[in-house]
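If you want the building blocks of each chain, they are given just below.
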Amino acid sequence: EREQASLGAMGAAQWTGRWRTRPHSLLVVQNLTCVDDWKKSLPRGVKRTLKKALEQNFTVTTNYILGNKPAPHSSLAHFRCVVEHEVRLLSGKYGIGYFFDSLSEAISRYVGTTRMAGVIQEYRDADSGKIIAFAHEVRKGTTIRGQWFYATDEAAQNYVWFHAVHDLVERAIATEGVNVVDLGPSGSDAFTELKERYGFASVD
């Protein structure tokens, strides 16, 4: 059931030809031996951003989504990450009048992520222990997909997304049988271009 719920977000509609999504952002890692091999190819500004991300004061815990058990991100704190994330993005793009639309979108997205398979990388502030973000990842075949990422306003100011990308690439390189990291489609051309700066090619 969880695998079935994950197929749409993994791009199953595109595989079957039902409809096309925006291009996915892919990084081939099969010929990389360590995360430094990836970082060597990146622009200087990107390297500085990753360095700042790795210096932040938070902890990361890996939690597995298991069968019919409640998803490990089934909590008010995780829901708050989704709400703040959606309100920040949609209200920032369309104005404060979209607050309730943002809240509705957050509820839908939160229900969706808790029904899916995969692994949760949970970010907490190291001092307070407060949950500030989570990344939802799914592996299928030789690809690890960065499925969802939701962060509070606090996390957005502390380079958590960049840390999550670095961590995902590092683990993908170290995992036998994984050849590709997929950051999925982007909601805007600007975000696609940001991923490209980190070595992710936009592929239809």
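As the structure is a prediction and not an experimental result, all values here were calculated from the model. (Residues numbered from 1 in each chain as written. Predicted model: local features only at pLDDT ≥ 70, side-chain atom pairs only at ≥ 80, totals over all residues. Heavy atoms only, no water.)

(A) Region of the structure containing the side chain of D182. Within the element layout of this structure, D182 appears in strand β6 (residues 180-185). Notably, D182 is buried but unbridged: the nearest opposite-charge side chain belongs to R145, and the N-O separation is 4.3 Å. Reaching out from D182, the side chain makes a polar contact with the side chain of H24 at a distance of 2.9 Å. When neighbours within four sequence positions are excluded, D182 is seen to be in contact with H24, S25, L26, T143, I144, R145 and G146. (Helix = DSSP H or I, 4+ residues; strand = E, 2+ residues; numbered from the N terminus. Buried < 20%, exposed > 50% of the residue type's maximum accessible area, 1.4 Å probe, protein only. Lys, Arg positive; Asp, Glu negative; His and termini not counted. Salt bridge = Lys/Arg side-chain N within 4 Å of Asp/Glu carboxyl O. Polar contact = N/O pair within 3.5 Å; in protein donor to acceptor, adjacent residues only side chain to side chain. Contact = heavy atoms within 4.5 Å.)

(B) Broad picture of a positive patch on the surface. A contiguous patch of positive charge on the surface is contributed by R44, K47, R48 and K52. Turning to its location among the elements, R48 is positioned in helix α4 (residues 44-54). (Patch = residues over 30% accessible without salt bridge, like charges linked within 9 Å, V, L, I, M, F, W, Y side chains within 5 Å. Areas by Shrake-Rupley, 256 points an atom, 1.4 Å probe, with all protein chains shown as cover. Charge placed at Lys NZ, Arg CZ, Asp CG, Glu CD.)

(C) Spatial organisation of the packing of α4 against helix α8 (residues 160-174). Packing of α4 against α8 brings their axes to within 8 Å, and their N-to-C directions diverge by 95 degrees. Of the possible angle classes, the one that applies to α4 and α8 is roughly perpendicular. Across the interface between the two elements, T49, L50, A53 and L54 of α4 pack against F162, H163 and H166 of α8. The residue inventory of the contact of α4 with α8, partitioned by class, reads four nonpolar, three polar and no charged. (Axes fitted to C-alpha atoms, helices over the stretch in contact; angles between N-to-C directions. Parallel < 35°, antiparallel > 145°, perpendicular 65-115°, else oblique. Nonpolar A, V, L, I, M, F, W, Y, C, P; charged D, E, K, R; others polar.)

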